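The primary structure of each chain is shown beneath.
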Amino acid sequence: MPKLYFSGGNLKVPEGGQVHVQYSYGAVFKSGETVREGLADAINEGRLALDAIITHMQNQGLSGVNDNFKRWATRYMLVDNAGPSQEEFNTILAVLKLTNAGVNNAGLSIKVYSSKGSSRGYVTTYFGNSAASKSHRTPGMYNPGEGDMKSGVKGDIHMSVGGIKAKQLISAKLFVHEATHKFANTADFGEKGYTNDGTGAFRESGLTKEQALMNADSYGRLAVHFYRGENNMAQW
Ligand SMILES: [Zn+2]
C-alpha cells in the first residue's frame, strides 16, 4: 500500500493502509464519513491491471496481442481494429511501463481530498525548489530543466472521496489515470478525453489518435478493461 494522506480526521484507513500524516487541504469531510475499504482494493486492481497488460504485451509482442487487447486499444487508443502499429504499440507499452514502475515505488503517496467541484483526481506539477514544492513530492517523475528552463517535479496523486466511493472499476481507472500523469506525463483533453463512468464512452467526440496515445483516461480504461476481460470480471 502507498502512504495515504487524508484531508480530515474522520476518515477510516483501509485495511493494510498506513496514514503517514493527516493531510490538510480544503474543506473537511462531513463528520463520520469514511473511506470505504475498497480504496485498497481499487489501488490493488490498478496495479494488477498494469502488470497484466504489460506482461501480455511483452510476452506476445505486436503480432501476438489477443482480441481482448485489440478491443480496448481500438476503443480507447483509437488504433485500427486490427491492432496498433509498431510505433503505437511501443508508445502504449512505454507509458504503461513508466507508470507501473512508479506505482510500485515504496515511496508512493496518495492524497484523498473532499469532492468539491467536479474533479475526481489530479496531479500537480511543481516548479523550483520551494519548501511547499518539496512537501508535495514523492519519488517519481522528475524533469531536469534545460538551459534557462525551470525544472519541474510531479506532485502526489490526489483522489477525491467521490472518486474512491465509485465502483471499484472506476476507482481503479482513476488511480491508473492519475498515475500516468505523474509517472508518464500524460495529458487530459477535456471532455473529448474523459469517459463516462457508466458506459465508458468518451464524453464528447473529437479526440484524435495522437491525443488518445497521450490521454490519461485512455490508459486507465485500456489497462482496467483489459485486465477485467482477461479475468472474466464485470466491465461496467
Ligand atoms: Zn487527468
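What counts and how
Residues numbered from 1 in each chain as written. Predicted model: local features only at pLDDT ≥ 70, side-chain atom pairs only at ≥ 80, totals over all residues. Helix = DSSP H or I, 4+ residues; strand = E, 2+ residues; numbered from the N terminus. Buried ≥ 20, exposed ≤ 12 C-beta atoms within 10 Å, placed from the backbone. Contact = placed C-beta atoms within 7 Å. Expected span 1.5 Å × (residues − 1). pLDDT = per-residue confidence, 0-100. Axes fitted to C-alpha atoms, helices over the stretch in contact; angles between N-to-C directions. Parallel < 35°, antiparallel > 145°, perpendicular 65-115°, else oblique. Left-handed = near helix turned anticlockwise from the far one by under 90°. Nonpolar A, V, L, I, M, F, W, Y, C, P; charged D, E, K, R; others polar. Core = buried A, V, L, I, M, F, W, Y, C linked by C-beta atoms within 7 Å. Arc of directions from axis to C-beta.

Description of the overall build of the protein
Working step 1: Broken down by element type, the protein carries eight helices and eight strands.
Working step 2: Taking all 236 residues of the protein together, the buried fraction comes to 39%.
Working step 3: Counted over contacts in the protein with a minimum sequence separation of 6, partners at least 24 positions apart contribute 68%.

Overview of unusual backbone geometry
Working step 1: At Leu78, a residue that is not glycine, the phi angle is positive and equals roughly 60 degrees.
Working step 2: Structurally, Leu78 can be placed in the loop between α2 (67-76) and α3 (86-103).
Working step 3: Even without glycine at this site, Asn185 takes up a positive phi of about 55 degrees.
Working step 4: One can find Asn185 in the loop between α6 (168-184) and α7 (209-212).

Remarks on α3
Working step 1: Compared with the 26 Å implied by 1.5 Å per residue over 18 residues, the 26 Å span of α3 between its first and last C-alpha is a close match.
Working step 2: Those residues of α3 that sit buried are Glu88, Phe89, Ile92, Val95, Leu96, Thr99, Asn100, Gly102 and Val103.

Focus on the confidence of the model for the protein
Low-pLDDT portions of the prediction should not be read for the details of their coordinates.
Working step 1: Looking at the protein, the pLDDT average stands at 83 and 74% of residues meet or exceed 70.
Working step 2: Every residue in residues 24-31 is under pLDDT 50, and counting partners more than four places away or in other chains gives 19 contacts.

Overview of the packing of α2 against helix α8 (residues 216-230)
Working step 1: Axis separation between α2 and α8 bottoms out at 9 Å; the angle between their running directions is 155 degrees. Considering the angle they form, α2 stands roughly antiparallel to α8. When you trace α2 past α8, the crossing you get is right-handed. Contacts between α2 and α8 pair Asn68, Phe69, Trp72, Ala73 and Tyr76 from the former with Ser218, Arg221, Leu222, His225, Phe226, Gly229 and Glu230 from the latter.
Working step 2: Classifying every residue of the contact of α2 with α8 by side-chain character gives six nonpolar, four polar and two charged.

A closer look at the nonpolar core
A general feature of soluble globular proteins is that nonpolar side chains tend to end up buried together.
Working step 1: The biggest cluster of nonpolar side chains holds 48 residues, and the ones touching the most others in it are Ala49, Ile53, Val176, Leu222 and Ala223.
Working step 2: It is α6 that contributes the most residues to this core, nine residues altogether.
Working step 3: Here Ile53 is in contact with Leu96, Leu222, Ala223, Phe226 and Tyr227, once residues within four sequence places are set aside.

With respect to the packing of α6 against α8
Working step 1: Packing of α6 against α8 brings their axes to within 8 Å, and their N-to-C directions diverge by 135 degrees. The angle between α6 and α8 places the two elements in the oblique class. Remark: the crossing between α6 and α8 carries right-handed chirality. Along its contact with α6, which presents Leu169, Ala172, Lys173, Leu174, Val176, His177, Thr180 and His181, the element α8 presents Ala216, Asp217, Tyr219, Gly220, Arg221, Ala223, Val224 and Arg228.
Working step 2: Looking at the contact of α6 with α8 residue by residue, the class counts come to eight nonpolar, four polar and four charged.

Side note on α2
Working step 1: Residues of α2 that are buried: Phe69, Trp72, Ala73 and Tyr76. Down the axis of α2, the buried side of the element spans an arc of 100 degrees, and every buried residue falls inside it.
Working step 2: In the stretch just after α2, Leu78 is the one whose phi turns positive, near 60 degrees.

Details of the environment of Ala52
Working step 1: Examined against the element boundaries, Ala52 turns out to sit in helix α1 (residues 38-64).
Working step 2: Each C-alpha atom, one on Ala52 and one on Tyr227, is 6.3 Å from the other, the two residues being 175 residues apart in sequence.
Working step 3: Not counting the four nearest positions on each side in its chain, Ala52 is found in contact with Phe226, Tyr227 and Glu230.

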